[in-house]
Amino acid sequence: MRTPLSGLIAAAIASLAIISGALAAPAHAEEAAHTEEGRPDPLLAFNHSWAMVDRETADAIEHSEYLGEFADRRINTGNDGTSTWTGRYLLGKETYLEFFGPGDAPDAVAGDTGLAVSADDDGDLAVATDNLRKLGVVDPVEFTQVTDLGDGNPIPWFDVTYTTTDYDTFFSWAMEYRDEFLTDPRLSFPPAAYDGDVSRDRYNRDRYLDHQMRDIIGIQIATTQADIDKMVPLWRAGGITIRVLKDGGVLAFDGMTTIRLLPVPAEEAGVRHVIFALNEPAEEPQTETIGNSTLHVGPGAYALWTFDPIEPGATARSQGKGKPLHPTFGG
């Protein structure tokens, strides 16, 4: 079960939409009330998000001394047997972030983003996929992602479902970790906490306890209206609460993390804001510049990370070219 949000953190989540001009506080208050009344957890919940940022910001995320103290930061190169990617990872208890710079991941450019939702219980992805068909996505894409641990023999990593391979700047997919991956002795994941445990908590381990960052509780991503319309049905099929806003964007809430999708032209796309819950309230507020972004830690038990928009014309848009990207931390 997820820990109820404090009033301070709830206010921080509401600010995610208020910053962008949407009155999200009443919507979030309603969702919190539903959760307190015993609304069942969704089948799928926010797992992680990735963003292709400019080179200066990517390098600063990798080398910032402060950020390495704030979060469990890992630099990892993944390999699915056919392609590789190098990401900068900030790992929490159940959620994490992944950042690329130009050239670090195939077929992506600055401003491109992605977001994964995942199942914590074995079999829930299959139920969500069936729900997706009932919502009218009659032929969702389904396959098993593999990874190579270095011996040249790829092994099953996680199962994947998504709505379409056609997107502009933002790609979302649903996933469920495979038990044979989590029990592989080479990876040293903790044992299952319950029958069918394929959870984010088990995958991420407990290294977050040595840092301030606990989890991502809010994220705002700017993308095209077409991407919003194509990707959001997957979240609805997974039981995530969706509120469509007057501007065509959405607020999505899974019981812990609020996702705000802001409709913009493709050239203005990119990650805009991230809100973190902290393990403990910050003793003193701290503001840190990280490339072309600013991290505000505190006051209280939350932090807000704001990213400058990508400069128009700085890079060619991907416009859905190349295969969908779903890079993930390889453990």
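How each quantity is defined
- Residues take numbers from 1 onward in each chain, read along the sequence in its written order.
- Totals for whole chains, interfaces and linings use all residues, but because this is a predicted model, local features are given only for residues with pLDDT of at least 70 and pairs of side-chain atoms are given and counted only at 80 or more.
- Calculated side-chain values reflect all of the structure's heavy atoms, with hydrogen atoms and water omitted.
- All axes are obtained by fitting lines to C-alpha atoms, using only the stretch in contact for helices, and the reported angles, taken between N-to-C directions, cover 0 to 180 degrees.
- To qualify as a helix, a DSSP run of H or I must reach at least 4 residues; to qualify as a strand, a run of E must reach at least 2; elements of each kind are numbered from the N terminus.
- The cut-offs work like this: below 35 degrees is roughly parallel, past 145 is roughly antiparallel, 65 to 115 is roughly perpendicular, and the gaps in between are oblique.
- Crossing chirality is assigned from the near helix's rotation relative to the far helix, an anticlockwise turn below a right angle marking it left-handed and a clockwise turn marking it right-handed.
- A contact between two residues is defined here by any heavy atoms of the two lying within 4.5 Å.
- When residues are grouped by polarity, Ala, Val, Leu, Ile, Met, Phe, Trp, Tyr, Cys and Pro land in nonpolar, Asp, Glu, Lys and Arg in charged, and all others, Gly among them, in polar.
- Accessibility here uses a 1.4 Å probe with only protein chains present; expressed as a share of the type maximum, an area under 20% marks a residue as buried, one over 50% as exposed, and anything in between as partly exposed.
- What the arc describes is the spread of directions from the helix axis to the C-beta atoms.
- Pairing of aromatic rings covers Phe, Tyr and Trp, the last counted by its six-membered ring, and requires centre-to-centre distances within 6.5 Å; plane angles under 30 degrees mean stacked, over 60 mean edge-to-face, and any other angle means tilted.
- Pairs of strands are assigned from DSSP output, requiring at least two bridges between the strands.
- In predicted models, pLDDT denotes the confidence assigned by the predictor to each residue on a 0 to 100 scale.

**Q** When you look at the packing of helix 5 (residues 124-134) against helix 8 (residues 225-237) in this model, what are you seeing that I'm missing?
**A** Angle between the axes and distance between the axes: these two values describe a pair of packed helices. Where helix 5 meets helix 8, the closest approach of the two axes is 8 Å, and the angle between their N-to-C directions is 125°. In terms of axis orientation, helix 5 runs oblique to helix 8. Once helix 5 is placed against helix 8, the crossing between them reads as right-handed. Contact residues: A128, N131 and L132 in helix 5; P233, L234 and A237 in helix 8. Counted by class, the contact of helix 5 with helix 8 contains five nonpolar, one polar and no charged residues.

**Q** When you look at helix 5 in this model, what are you seeing that I'm missing?
**A** It helps to recall that an α-helix has 3.6 residues per turn; residues three or four apart then point in one direction. The complete set of buried residues in helix 5 reads D124, L125, A128, T129 and L132. All buried residues of helix 5 project into a common sector of 140° when viewed along the axis, lining one side. Against strand 6 (141-147), strand 7 (155-162), strand 8 (170-177) and helix 8 lie the buried residues of helix 5.

**Q** It is not clear to me how the packing of aromatic side chains should be interpreted in this structure. Could you clarify?
**A** In this description, a pair of aromatic rings is defined by centroid distance and the angle of the planes. For the structure on display, the rule yields 19 aromatic pairs. Here F158 and Y177 contribute two aromatic rings whose centre-to-centre distance is 6.4 Å and whose plane-to-plane angle is 85°, an arrangement assigned as edge-to-face. Taken as a pair, F158 in strand 7 and Y177 in strand 8 lie far apart in primary sequence, 19 residues in all. Plain terms: the ring middles of F276 and W305 are 6.2 Å apart, the flat faces sit at 35° to each other, and that makes the pair tilted. With F276 in strand 13 (residues 270-282) and W305 in strand 16 (residues 300-307), the pair connects residues that are 29 residues apart, well separated along the chain. One exposure class covers both F276 and W305, and it is buried.

**Q** What is the right way to look at the sheet that holds strand 16 in this model?
**A** Two pairing modes exist for strands in a sheet, parallel and antiparallel, and in both the strands are linked by backbone hydrogen bonds. Spatially, the eight strands line up as an open sheet ordered 10-11-12-9-13-16-15-14, and their pairing is mixed. The open sheet has two free edges, formed respectively by strand 10 (241-244) and strand 14 (286-289), since each of these has just one partner strand. If you compare each strand with its neighbour and ignore which way they point, the axes differ by 15° on average. Both strand 10 and strand 11 (residues 250-253) contribute to a ladder of four bridges, which runs antiparallel. What sits directly across from R243, in strand 11, is L251. Of the strands in this sheet, strand 9 (213-223), strand 10, strand 11 and strand 12 (258-263) touch helix 8, which is tilted by about 155° from strand 12.

**Q** Just checking my understanding: could you explain the pairing of strand 14 for this structure?
**A** Walk down a regular strand and you will see the side chains alternate between the two sheet faces. With four bridges joining them, strand 14 and strand 15 (residues 293-297) adopt antiparallel strand pairing. Across the sheet, T289 pairs through a bridge with T294, a residue of strand 15.

**Q** Got a minute to help me understand the confidence of the model for the protein chain in this structure?
**A** Caution applies to low-pLDDT regions: their predicted coordinates should not be interpreted in detail. Averaged over all residues, the pLDDT of the protein chain equals 86, while 80% of them reach at least 70. This stretch, residues 1-13, has a pLDDT under 50; its non-local contacts, to residues over four places away or in other chains, come to 29 contacts. Below pLDDT 50 for its whole length, residues 17-37 participates in 28 contacts with residues either more than four positions away or in separate chains.

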